[in-house]
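Survey of secondary and tertiary structure
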Amino acid sequence: MQLTPFHVAVPVHNLAECESFYVNILGCGIGRRSNDWVDLNLMGHQFVLHLDPSLQPEKRVKGSNLVDGKQVPIPHYGVILTMDAWHELADRLQAQTIDFVIEPYVRFKGQAGEHATMFFYDPAGNALEFKAFKDFSNIFSS
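Because the structure is predicted, anything quoted here is derived from the model rather than measured. (Residues numbered from 1 in each chain as written. Predicted model: local features only at pLDDT ≥ 70, side-chain atom pairs only at ≥ 80, totals over all residues. Heavy atoms only, no water.)

Comments concerning the overall build of the chain
Secondary structure assignment for the chain yields two helices and ten strands. Its helices and strands taken in sequence order, the chain reads β-α-β-β-β-β-β-β-α-β-β-β from the N to the C terminus. For a compact globule of 142 residues, the expected C-alpha radius of gyration is about 14 Å, and the chain comes in at 15 Å, within 12% of that figure. With the principal axes as the frame, the chain shows a C-alpha extent of 45 × 35 × 30 Å. Looking at the chain as a whole, 37% of its 142 residues are labelled buried. Long-range pairs, those at least 24 residues apart, make up 56% of the contacts in the chain with a sequence separation of at least 6. A distance of 3 Å separates the average location of the 11 positive side-chain charges in the chain from that of its 16 negative side-chain charges. (Helix = DSSP H or I, 4+ residues; strand = E, 2+ residues; numbered from the N terminus. Rg over C-alpha atoms; globule rule 2.2 N^0.38 Å. Buried < 20%, exposed > 50% of the residue type's maximum accessible area, 1.4 Å probe, protein only. Contact = heavy atoms within 4.5 Å. Lys, Arg positive; Asp, Glu negative; His and termini not counted. Charge placed at Lys NZ, Arg CZ, Asp CG, Glu CD.)

This is the structure in structure tokens:
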């Protein structure tokens, strides 16, 4: 199956602050925009920030599930990268002193689903996960 870009839209409380995070920290390109939303190129995917001024990041409910001994935030979203791109992003985020929910590490070591992962929040409280597999054919392995 050929992979195609996904589209996701998320709420943000402050469009300028969140746009700056995605552009300057994650390296997203800017597409179309209005006063209430901005399209971003998140590693080849269409990622849209929608302004919701009533959103209060500090009051957002942040649930989690225990996975591999760590509390994984739900909901969350992100991109599966090559291992080299994942290490480059992890290094860049660590240099920016990002406050990780789950520090970069390798999950499920020695198992079919082994992958590198990291979790952090954007300024609006949206949880992000970026992960990488040595072998993309193991993305759905258990």
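So much for the structure itself; the text now carries on.
Details of the environment of Lys62
Following the sequence through the fold, Lys62 ends up in the loop between strand S4 (45-51) and strand S5 (63-67). Once you skip the residues sitting within four places of it in the chain, Lys62 turns out to touch Pro57, Ile74, Tyr121 and Gly125.

Points about the sheet that holds strand S10 (residues 127-132)
If you trace the four strands from one edge of the open sheet to the other, you get S7-S10-S9-S8, paired in mixed fashion. Each edge of the open sheet carries a strand with a single partner, namely strand S7 (76-81) and strand S8 (100-107). Averaged over all pairs of adjacent strands, the angle between their axes in this sheet comes to 15°, without regard to strand direction. Of the strands in this sheet, S7, S8, strand S9 (115-121) and S10 touch helix H2 (residues 83-95), which is tilted by about 35° from S9. (Pairing = 2+ DSSP bridges. Axes fitted to C-alpha atoms, helices over the stretch in contact; angles between N-to-C directions.)

What about the side chain of His115?
Considering the arrangement of structural elements, one finds His115 in strand S9. A distance of 2.7 Å separates the side chain of His115 from the backbone oxygen of Gly113, its partner in a polar contact. The contact partners of His115, leaving out residues within four places of it in the chain, are Tyr105, Val106, Arg107, Phe108, Glu129, Lys131, Ala132 and Phe133. (Polar contact = N/O pair within 3.5 Å; in protein donor to acceptor, adjacent residues only side chain to side chain.)

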